[in-house]
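Tertiary structure, described
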Amino acid sequence: MKQTAILLLHCPDQQGIVTEVTKFITDNKGNIVYLDQYVDKIEGMFFMRLEWELEEFLIPREKIGEYINTLYSQRYQMSFNLYFSDQRPSMAIFVSKMSHCLYDLLARWKAGEFACDIPCIVSNHEDLRYVADQFGIPYYVWSIKKDHSNKAEVEQAEMELLRREGVTFIVLARYMQIISDDMIAAYPHHIINIHHSFLPAFIGAKPYHQAYQRGVKIIGATSHYVTAELDAGPIIEQDVTRITHKDTPESLVLKGKDLEKIVLSHAVQKHIERKILTYKNKTIIFS
């Protein structure tokens, strides 16, 4: 496939943005292969994802961001991110003891559904090392004491590993530890979590048991970016399934696991494809 550049941008909505940006690309002999846009009329904001082929593009790729910044950032109060299709994202997976999301992610990756690298799996337990071994991925364990007295030391070691391996984003595949503000700051909107509830309902621990006690008729799963506020980051993907009075907490957990796998994998796919743009505490998901 031909190499492409991917531009994600947002700015206050105003006339001429699409014309100006597309003209810049076509004038420099770029062939546009994808364009999607959205206007939030309540916020008065414009969002766009644009992708074009680089084969005959006149501007060297290392200068493209500089050109866009000079031409449009101040003029349109524009914020943007620029990516290239040959720069594969590098995903670290964090797990604890549950294997269903880990297996699903690795199976999709092995099948070629995820165009990314997975240099490491990180855990606070030894339980899932056998899964990592099945897929030939290095597995690192740092145990965290119950009083969390070594948590800062553990996260420092984890951060050193992530930097060494060139990790660009993290997936929490039912990782049962709270991520520190320092790690969140190092990977802003690049840590994806799966929460076993249809947020904002039933945050925190044991949401299926909370749902059972409340007598709800629908349970769900939510994948979101991690922020400093627990289970309150920008939502990427959600899904639900119906339940009845006959369900028990145990059957809710089983039904929920199927949802969690699908919801998390869809969120990871969109992130890898660079089709998510975050604004305030919301996401714009391009098709």
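Everything discussed here concerns the structure shown above.
Description of the structure in this document.

Parameters and conventions
- Residues numbered from 1 in each chain as written.
- Predicted model: local features only at pLDDT ≥ 70, side-chain atom pairs only at ≥ 80, totals over all residues.
- Heavy atoms only, no water.
- Pairing = 2+ DSSP bridges.
- Helix = DSSP H or I, 4+ residues; strand = E, 2+ residues; numbered from the N terminus.
- Axes fitted to C-alpha atoms, helices over the stretch in contact; angles between N-to-C directions.
- Contact = heavy atoms within 4.5 Å.
- Buried < 20%, exposed > 50% of the residue type's maximum accessible area, 1.4 Å probe, protein only.
- Patch = residues over 30% accessible without salt bridge, like charges linked within 9 Å, V, L, I, M, F, W, Y side chains within 5 Å.
- Areas by Shrake-Rupley, 256 points an atom, 1.4 Å probe, with all protein chains shown as cover.
- Salt bridge = Lys/Arg side-chain N within 4 Å of Asp/Glu carboxyl O.
- Phe/Tyr/Trp six-rings, centres within 6.5 Å; stacked < 30°, edge-to-face > 60°.

**Things to note about the sheet that holds strand S4 (residues 79–84)**
A sheet is described by the order of its strands in space; here four strands give the open sequence S2-S3-S1-S4, paired in antiparallel fashion. For this open sheet the edge positions go to strand S2 (31–40) and S4, each flanked by a neighbour on one side alone. Geometrically, the sheet is characterised by an average inter-axis angle of 10° between neighbouring strands, direction not taken into account. As defined by bridge partners, strand S1 (residues 4–12) adjoins S4 across six bridges and the pair is classed as antiparallel. Bridging across to S4, alanine 5 finds its partner in phenylalanine 84. Those strands touched by helix H1 (residues 17–27) are S1, S2 and strand S3 (45–53), and its axis lies near 15° from that of S3. This element, helix H2 (residues 61–76), spans S1, S3 and S4 of the sheet and lies at about 165° to S4.

**Overview of the environment of glycine 166**
When you line up the elements, glycine 166 lands in the loop between helix H5 (151–164) and strand S8 (169–172). Here glycine 166 falls in the partly exposed class, since its relative accessible area comes to 40%. Between the C-alpha atom of glycine 166 and that of glutamine 134, which follows or precedes it by 32 residues, the distance is 23 Å.

**Re a nonpolar patch on the surface**
Together, Phe198, Ile218 and Val240 make up a nonpolar patch on the protein surface, roughly 230 Å² of accessible area in all. For valine 240, the location among the structural elements is in strand S11 (residues 235–242).

**What to know about the pattern of salt bridges**
All chains considered together, the criterion is met by 16 salt bridges. As a salt-bridge pair, glutamate 53 and lysine 2 come within 4.0 Å of each other at their nearest N and O atoms. Here glutamate 53 is found in strand S3, whereas its partner lysine 2 is found in the segment before S1, with 51 residues between them in sequence. Classification of lysine 2 by relative accessible area gives partly exposed; the value is 47%.

**Digging into the packing of aromatic side chains**
For the structure shown, the criterion picks out eight aromatic pairs. Where phenylalanine 24 meets phenylalanine 57, the ring centres are 6.3 Å apart and the plane angle is 85°; that geometry is what we call edge-to-face. Residue phenylalanine 24 is found in helix H1, and its partner phenylalanine 57 is found in the loop between S3 and H2; the two are separated by 33 residues along the sequence. You can call phenylalanine 24 buried: its relative accessible area is 8%.

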